[in-house]
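Given next are the chains, with one letter for each unit.
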Amino acid sequence: MTEKHIVLEEIDPAAFYGVNNGHLQMLKSLYPKLRIVARGNVIKLLGDEEQMCRFEEHAESMRKHLLRHNVIGDEDIVDLYHGDKTKADAAKGVVAYSISGRPIKSRSENQQRLIDEFERNDMLFAIGPAGTGKTYLSIALAVRALKEKTAKRIILSRPAVEAGEKLGFLPGDMKDKIDPYLQPLYDALEDMLPLARLQDMMEKHIIQIAPLAFMRGRTLSDAVVILDEAQNTTPAQMRMFLTRMGWNTKMIVTGDTSQIDLPRTQKSGLIEALYILKGVEGLGVVELTKKDIVRHRLVTRIVNAYEQHDKKNESTDKD
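Residues numbered from 1 in each chain as written. Predicted model: local features only at pLDDT ≥ 70, side-chain atom pairs only at ≥ 80, totals over all residues. Heavy atoms only, no water.

A.B. asks: Just to check I follow, could you spell out the pairing of strand β10 (residues 250-255) for this structure?
C.D. replies: Side-chain direction in a regular strand flips from residue to residue, so the side chains alternate between the two faces of the sheet. Among the 6 residues in β10, 6 count as buried, and that is most of the element. Residues Lys 250, Ile 252 and Thr 254 of β10 are buried on one face, and the alternating residues Met 251, Val 253 and Gly 255, pointing to the opposite face, are buried as well. In terms of strand pairing, strand β6 (residues 123-127) meets β10 through 5 bridges, oriented parallel. Bridge pairing in β10 places Leu 124 opposite Ile 252. Looking at chain direction, strand β9 (residues 223-227) and β10 are connected through 4 bridges and run parallel. When the sheet's bridge partners are listed, Ile 226 is paired in β10 with Ile 252. (Buried < 20%, exposed > 50% of the residue type's maximum accessible area, 1.4 Å probe, protein only. Helix = DSSP H or I, 4+ residues; strand = E, 2+ residues; numbered from the N terminus. Pairing = 2+ DSSP bridges.)

Next comes the structure, spelled out in structure tokens:
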């Protein structure tokens, strides 16, 4: 009797087997000439060689589906068994999927421009107010590149504005000190990758999260590199970051020029870079606006209120 072992790599075996092994039971009914035994991430097959080959192809299609979409349902298993596209695979315009299977796609014209400019250029500046999805969508693009193997790693960075004495007073080691600055990046990643897989990728340095100060001296190749909150970089920091770019690398710089936390006497590296690099070939710029805000509708009202307040202050200062 022929025997074969299939190893389920890069996915959670529990998601493959289903709740109470429901998916596994379905597979057993679809392949009656096989004895299927699952242990951890290894499936042992015994029986008919022809069905065994078909099962192996089917299991690989299921594994890839889980890798792309994070979830798989009974309908998906049947579709893949018949060689058909699943509903998720047939959907258009999807960048990535959340861990619950929710499609992540553009929700405005400018968000779609962000996606298109990323595909056309090696470097992209995404500028806009809070809530426009610039960071979340950028990380989704990076996760897609990783899953499609067009990039070998993701590198995410943020400037720690208070990286001087105040940082030193925080408890813990360096990771504990910088994690509060990087939490928004962790939040987005945790929404798109199962926790066990995310932790594994971080341990293997496939996904790296670091403050901007740690970038000096590095050449970043075969990666998608994202600099978030870039309005809080100094001109020297921005110049240093942009020149880290190596072969087969894409960079996304996100920022909000209305929320600069630098001292008033300090020039923003983002504003300077947008001026100096205007018209450079291979570099795209997307400006998102209040119309692109995809958070709670109250966020739009808050942004509007602050803008009106700022305008009043500017007119008062001129007087």
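A.B. asks: What is the right way to look at the layout of surface pockets in this model?
C.D. replies: To find the voids left in a structure, one rolls a probe of water-molecule size over its atoms. In this model, the largest pocket occupies a volume close to 850 Å³. Around the largest pocket, the lining comprises 27 residues; the ones closest to its centre are Thr 257, Ser 258, Gln 259, Ile 260 and Asp 310. Counting residues per element, the lining of the largest pocket draws most heavily on helix α13 (residues 297-318), which supplies 9 residues. A class-by-class count of the residues in the lining of the largest pocket yields 11 nonpolar, 8 polar and 8 charged. (1 Å grid on protein atoms, 1.4 Å probe; cavity = no way out; pocket = protein on both sides within 12 Å on 5 of 7 lines; lining within 4 Å. Points joined across faces, edges and corners; volume = space filled by probe spheres on them. Nonpolar A, V, L, I, M, F, W, Y, C, P; charged D, E, K, R; others polar.)

A.B. asks: Can you help me understand the sheet that holds strand β7 (residues 153-158) in this one?
C.D. replies: Taken in spatial order, the 6 strands line up as β8-β7-β9-β10-β6-β11 in an open sheet, and their pairing is parallel. Unpaired on one side and paired on the other, β8 (207-211) and β11 (283-287) mark the two borders of the sheet. Taking the axes of each pair of neighbouring strands and ignoring which way they run, one obtains an average angle of 15° across the sheet. With 5 bridges connecting them, β7 and β9 associate as parallel partners. When the bridges of β9 are listed, Leu 156 appears paired with Ile 226. Across the sheet, helix α11 (residues 235-242) lies against β6, β9 and β10, angled at about 155° from β10, the strand it touches most. (Axes fitted to C-alpha atoms, helices over the stretch in contact; angles between N-to-C directions. Contact = heavy atoms within 4.5 Å.)

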